[in-house]
Amino acid sequence: MRRRRRAFTFTGVMLAVALAVGPFAATAALSADPAGGPSGVGGPRHPDRVLLGSLRTLADADRFSDARRAKLAEMITTVQPHRTQVAVTIRLANGADAHTLARLAGSGARVVNIGSATVEAYVEPESLANLASLAEVQSVRAIPRRLPSFVSLGVSLQGGPAWHEAGFTGAGVKVGIIDGGFTGLMSRMGNELPSSVHVQCYTTVGSFSADPVACENGETHGTAVAETVIDMAPGVELYLADPISQLDTEQTIAWMTSSGVRIINASWSAGYLFDGPGDGTSPYPDSNYALVDQAVTGGALWVNSAGNSGHAGWTGSWVDADNDGLLEWSLDDEFNSLNLASGEQVVVAIRWADPWGTASNDYDLELRQGLAVVASSQDRQAGLADPFEVIEYTAPSAGTYDIVIRRFAGAPTLRMQMLAYAGAFANLEHQVVAGTLPAPADSANPGMVTVGAVNVASPSSIEPYSSQGPTLDGRIKPDLVAVACAPTTVDPFFCGTSESAPFVSGAAALFLQADPTLSPTQLAVRLRSTAVPLDTPVPNPTFGWGRLALGPAPARPAVGLAFVAPPTGAVAGAALTGQPTVRLVASDGATASIGPSATATVTLALTSSTGAALACDGGLSKPAVGGIAYFAGCTVDREGGNYTISASAPGLPTVLSPEFEIQPVGAPAPLAMAVSAPTITWSADVILAATLGPGPSASAAPAGPAATRGARTVEFQRSTDGLRWTAIAQATTDAAGLTSRSNRPATTLWYRAFFPGAPDLAAATSYPVKVTVRHRLTMAASISAPRTVAAGRTVTFTSTVRPILSGSSPRPTVTFVVYRKVGAAWVLFRRVDVVADANGRARLVWRFSRAGTWYVRSMAKATAVNAASPWSPVAQYVVR
């Protein structure tokens, strides 16, 4: 689309002529600039070259003007008594000694952070000119906001469950998350997130609180990132911070590394997108690359999202065929358009092939709507500045905006690079995907990994927004990719490299738990080496070394045995109420589920003074599966007490079960349990009833019924798999040995009752009873039924499924069925499956295109933890 040449009114022609005046226009069109350089009609310069970017506009604006209010709304500010102050970074010619700090304070700057070559301060707009006049001050720029890179299903896709089952959860590993905010943190602590976390919550630049509530600043991004880390590594210890500025971030990293944090996740980009020439370095000591170096030096792997500028970047040489001073992005199109929503913020930055700190070629950046320049960046280069311009702008209304680059002075550059950032993944009209990594994603530090994104639904295809390499110096970045758009409780579709990075951070924590000796560089190598290769060659600047994959969990040899489900009392010849289950135990207490130890043969034997015999279905020796040996149908053929069962395996010490008692043939089971219903629909309660029967004890004198039955404490337990049991309540039996409790299960569960034993009565466990829980579903429609509607009318059906489950529990799929009446019969017209969102809602938008009688109903399909719901009531419509 060629849009440079347009038809104008007379006023438009004059404006076009003015805009066309460039650095090589006739001398008569130029005037002397007070600072000593040329000034064209297209961009008069402020004489003060120290105030950069929008600060010049702010300093010049009237105190009560709309322009000033609009600029302040885009900046980080704080309100002192009756005065608004803006947060700025001040670059100094020399260090921040006492004399310099006093001079800064005298000019109106309230210094809050001191770095090696910069300070950060709050300053009133009226004081900017005084500040810029100081000889010690090289430049002043507004502190930018962090740019998030925009969270399960991704855990299983990338190999997490096998590691979790092998006992690797990241336990003992400290992970730091630096992000923009953690709203929703408090409500998720103890369920989606650990019950306690360590925080530095910044309230203003240079000031923070250790209260997690202070991190709830309205931004949920960091909470979704934290949830993703925990999904992958549920055992890690979290350190969270939301620093506002560069020097805040330096302090945060120092706090994290001194606390033993080994992994730091940064799902954001530099506030101004560029921070150096593009080779992963910067000439300035307080750069974003210095943050990475600081973390790695402190012993932490730095995991950075690649950024979401894949379709919001452009790189190329300078082309200006008509010599009007404007870059031609493609053919003769001098406008690179993007669409912005009302209130949406955009950041646009350019850099070109000049030395940083001594750039002599001068380019300006403009953002236009139509012919109007709505924002511009006209910093002076002239041999003393960086080859860099940036615009921050908030769109007052939705529309199409154009990016324009103007050559103000100097030679045409061989390499111009532009990146744009907008919340909805800015999609440029003219784009070049190669080389779209923002700082510090292109860092050259070997202890950092850069992570791109693939969609969880198509994990072998790069997401179009995912930034790509190579770097300016030809290095391969990103290092690898990981999935995005996997659900979290914060965002049902957490798309962007913001989610892919914390998946990698969680995986790194699992690697560190398995081998705590890994350095940041070794850990980065490990992550690349286990990735699933995508595309050729490997590595490549799109996928790096491939998609995140943990690979097989490392084997840990067994050092002992333990009864998971110890045998308990039964009737002679009947199955033991607790069937023996034995696990192989690793040195850290976890199950040795990987490697040769995981399949060792476990042998049982009964110790008895009565000559009783133990028998199990399939024999008394069983090979372990995944570190666990399961025995079934085990019986003891003779009554008696003080029985124990021993478990042994080659090379491991023998372990004994607790003592148990066998009742005579014909006696009631020592402990029995019944439930009020074997199948319920959530949220019904199930009544658990236990009966503790009388019986002789070999370890004590016979006691009467009252002694053996009344006032015994019975524990009710539940299990999701019939193997691992959790206590849910305790109850005391009455004189008849009866007790009960009510429970409301959210998922299908096994229940049992357990009596721990007493001097006069042996321990006992009831046979487990399964209770199946069905989903509950309700369906509502945007047009109530029954209803007569016109053909072509659209109705939205919303089915809500309960309960809502957290963590890695599967989301239910809702089946909508649409029937049409043909004659006297109902004929299935369409069946549609919709996965419910994080709130348990599934929607079907249906257009009744034909006349007739229709009905719609829905059902939640079964998942691994819940049975299918009943069908909803029918919604009937007559279409005319």
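These figures come from a predicted structure and were not determined experimentally.

> Looking at this structure, I do not really get the pattern of salt bridges. What am I missing?
Two side chains that carry opposite charge are able to pair once their charged atoms sit near each other. Under the definition given, this model contains 12 salt bridges. As a salt-bridge pair, R56 and D379 come within 2.7 Å of each other at their nearest N and O atoms. Across the pair, exposure class does not vary: R56 and D379 are buried alike. D685 serves as the salt-bridge partner of R744, at 2.9 Å between the closest nitrogen and oxygen. Here R744 is found in the loop between β43 (738-743) and β44 (749-755), whereas its partner D685 is found in the loop between β39 (679-681) and β40 (686-692), with 59 residues between them in sequence.

> Sorry if this is basic, but what is going on with the sheet that holds strand β38 (residues 671-675) here?
Sheet strands pair via backbone hydrogen bonds, and the direction of the pair is either parallel or antiparallel. Sheet architecture is open: three strands sit in the order β38-β40-β43, paired in antiparallel fashion. Of all strands in the sheet, those with a lone pairing partner are β38 and β43, marking the two edges. Recorded for the sheet is a direction-independent mean angle of 20° between the axes of neighbouring strands. With five bridges joining them, β38 and β40 adopt antiparallel strand pairing. Within the sheet, the bridge partner assigned to A674 lies in β40 and is A689.

> I keep staring at the packing of helix α10 (residues 246-258) against helix α11 (residues 288-297) and nothing clicks. Help me out?
At their nearest, the axes of α10 and α11 sit 10 Å apart, and the two run at 10° to each other. It follows from the interaxial angle that α10 and α11 lie roughly parallel. When α10 is examined against α11, the residues Q246, T249, E250, I253, A254 and T257 are found in contact with a partner set consisting of N288, L291, Q294 and A295. Classifying every residue of the contact of α10 with α11 gives four nonpolar, five polar and one charged.

> Just checking my understanding: could you explain the nonpolar core for this structure?
One recurring pattern in soluble globular proteins is that nonpolar side chains are buried together. Among the nonpolar cores identified, the biggest contains 57 residues, and L238, I263, V504, L527 and L548 are the most heavily contacted of them. Take this core: its biggest share by element is nine residues, from helix α12 (residues 497-514). In contact with I263, other than residues within four places in its own chain, are V173, K174, V175, G176, A300, L301, V303, S505, A508, A509, L512 and L523.

> Can you walk me through the state of the cysteines in this structure?
A covalent bond bridging the sulfur atoms of two cysteines is what the word disulfide describes. Summed over the entire model, instances satisfying the criterion amount to three disulfides. Across the disulfide from C201 sits C215; the S-S distance is 1.9 Å. On the S-S bond that ties C201 to C215, the torsion sits near -95°, and the link is left-handed. Taken together, the residues C201 in strand β10 (residues 198-204) and C215 in the loop between β11 (207-209) and α9 (221-232) connect sequence positions 14 residues apart. Judged by relative accessible area, which is 0%, C201 ranks as buried. Residue C485 pairs covalently with C495 via a disulfide, S to S 1.8 Å. What sets the handedness of the C485 and C495 disulfide is the S-S torsion sign, and at about 125° it is right-handed. One end of the pair, C485, is in the loop between β26 (480-484) and α12; the other, C495, is in the loop between β26 and α12, and 10 residues separate them in sequence. Using a relative accessible area of 9% as the deciding quantity, one classes C485 as buried.

> I tried to follow the layout of surface pockets on my own but got confused; where do I start?
Volume-wise, the second largest pocket comes out at about 890 Å³. Surrounding the second largest pocket, 37 residues form its lining, L52, R91, S139, R141 and D386 being those nearest its centre. Among the secondary structure elements, those contributing two or more residues to the lining of the second largest pocket are β4 (83-92), β6 (118-123), β7 (137-142) and α10. No other element matches the four residues that β7 contributes to the lining of the second largest pocket.

> Looking at this model, I keep getting lost on the sheet that holds strand β17 (residues 336-340). Mind explaining?
Taken in spatial order, the four strands line up as β17-β22-β19-β20 in an open sheet, and their pairing is antiparallel. Because the sheet does not close on itself, it has two edges, and the strands there are β17 and β20 (372-377). If you compare each strand with its neighbour and ignore which way they point, the axes differ by 30° on average. Across five bridges, β17 lies against strand β22 (residues 399-409) in antiparallel orientation. Its bridge partner lying in β22, L340 is registered against G399.

> Help me out: how do you make sense of the environment of V789 in this one?
Within the secondary structure, V789 sits in strand β48 (residues 787-789). A relative accessible area of 5% means that V789 is categorised as buried. Along the chain, V789 and Y877 lie 88 residues apart, while their C-alpha atoms are 7.1 Å from each other. Apart from residues lying up to four places away in sequence, V789 is in contact with I783, F848, Y877, V878, V879 and R880.

> How should I be thinking about α10 in this particular structure?
Spacing of three or four residues puts side chains on the same side of an α-helix, whose turn is 3.6 residues. Taking 1.5 Å as the rise per residue, α10 with 13 residues should run 18 Å; its terminal C-alpha atoms sit 18 Å apart, in good agreement. Restricting attention to buried positions, one finds in α10 the residues Q246, L247, D248, T249, E250, T252, I253, W255, M256 and T257. With a side-chain oxygen positioned 3.2 Å from the backbone nitrogen of D248, the residue opening α10 is S245. Positive phi shows up at G260, right after α10, with a value of about 95°.

> Whenever I open this one, the side chain of N743 confuses me. Can you help?
Assignment of secondary structure puts N743 in strand β43. At 2.6 Å, the side chain of N743 and the side chain of Y751 are in polar contact. Beyond its immediate chain neighbours, meaning those up to four positions away, N743 contacts D685, V686, L688, R718, I728 and Y751.

> Please clarify how empty space enclosed by the protein should be interpreted in this entry.
Unoccupied space between atoms shows up once a probe the size of one water molecule is rolled over them. As a volume, the largest cavity reaches approximately 100 Å³. Forming the walls of the largest cavity are L52, G53, S54, K71, R141, A142, Y272, A375, S376, V390, I391 and E392. Of all the secondary structure elements, the ones that give two or more residues to the lining of the largest cavity are β7, β20 and β21 (388-394). At three residues, β21 tops the list of elements feeding residues into the lining of the largest cavity. Among the residues forming the lining of the largest cavity, the class breakdown is six nonpolar, three polar and three charged.

> Mind showing me how you'd approach the packing of aromatic side chains here?
Each pair of aromatic rings is reported with the distance of its centres and the angle of its planes. On inspection of all chains with the given rule, the structure shows 17 aromatic pairs. Between F848 and Y877 the ring centres are 5.2 Å apart and the planes differ by 35°, which places this aromatic pair in the tilted class. Taken together, the residues span a long stretch of sequence, with F848 in strand β52 (residues 841-848) and Y877 in strand β54 (residues 875-879) at a distance of 29 residues. Assigned by exposure class, F848 and Y877 land together as buried. Ring pairs connect the aromatic residues F797, F829, W846, F848, W854 and Y877, which therefore count as one cluster. We note R91 situated over the ring of Y284; from NZ or CZ to the ring centre the distance is 3.5 Å.

Reading the values: rules and limits
Residues numbered from 1 in each chain as written. Predicted model: local features only at pLDDT ≥ 70, side-chain atom pairs only at ≥ 80, totals over all residues. Heavy atoms only, no water. Salt bridge = Lys/Arg side-chain N within 4 Å of Asp/Glu carboxyl O. Buried < 20%, exposed > 50% of the residue type's maximum accessible area, 1.4 Å probe, protein only. Helix = DSSP H or I, 4+ residues; strand = E, 2+ residues; numbered from the N terminus. Pairing = 2+ DSSP bridges. Axes fitted to C-alpha atoms, helices over the stretch in contact; angles between N-to-C directions. Parallel < 35°, antiparallel > 145°, perpendicular 65-115°, else oblique. Contact = heavy atoms within 4.5 Å. Nonpolar A, V, L, I, M, F, W, Y, C, P; charged D, E, K, R; others polar. Core = buried A, V, L, I, M, F, W, Y, C linked by side-chain atoms within 4.5 Å. Disulfide = S-S within 2.5 Å. 1 Å grid on protein atoms, 1.4 Å probe; cavity = no way out; pocket = protein on both sides within 12 Å on 5 of 7 lines; lining within 4 Å. Points joined across faces, edges and corners; volume = space filled by probe spheres on them. Expected span 1.5 Å × (residues − 1). Polar contact = N/O pair within 3.5 Å; in protein donor to acceptor, adjacent residues only side chain to side chain. Phe/Tyr/Trp six-rings, centres within 6.5 Å; stacked < 30°, edge-to-face > 60°. Lys NZ or Arg CZ within 6 Å of the ring centre and 35° of its normal.

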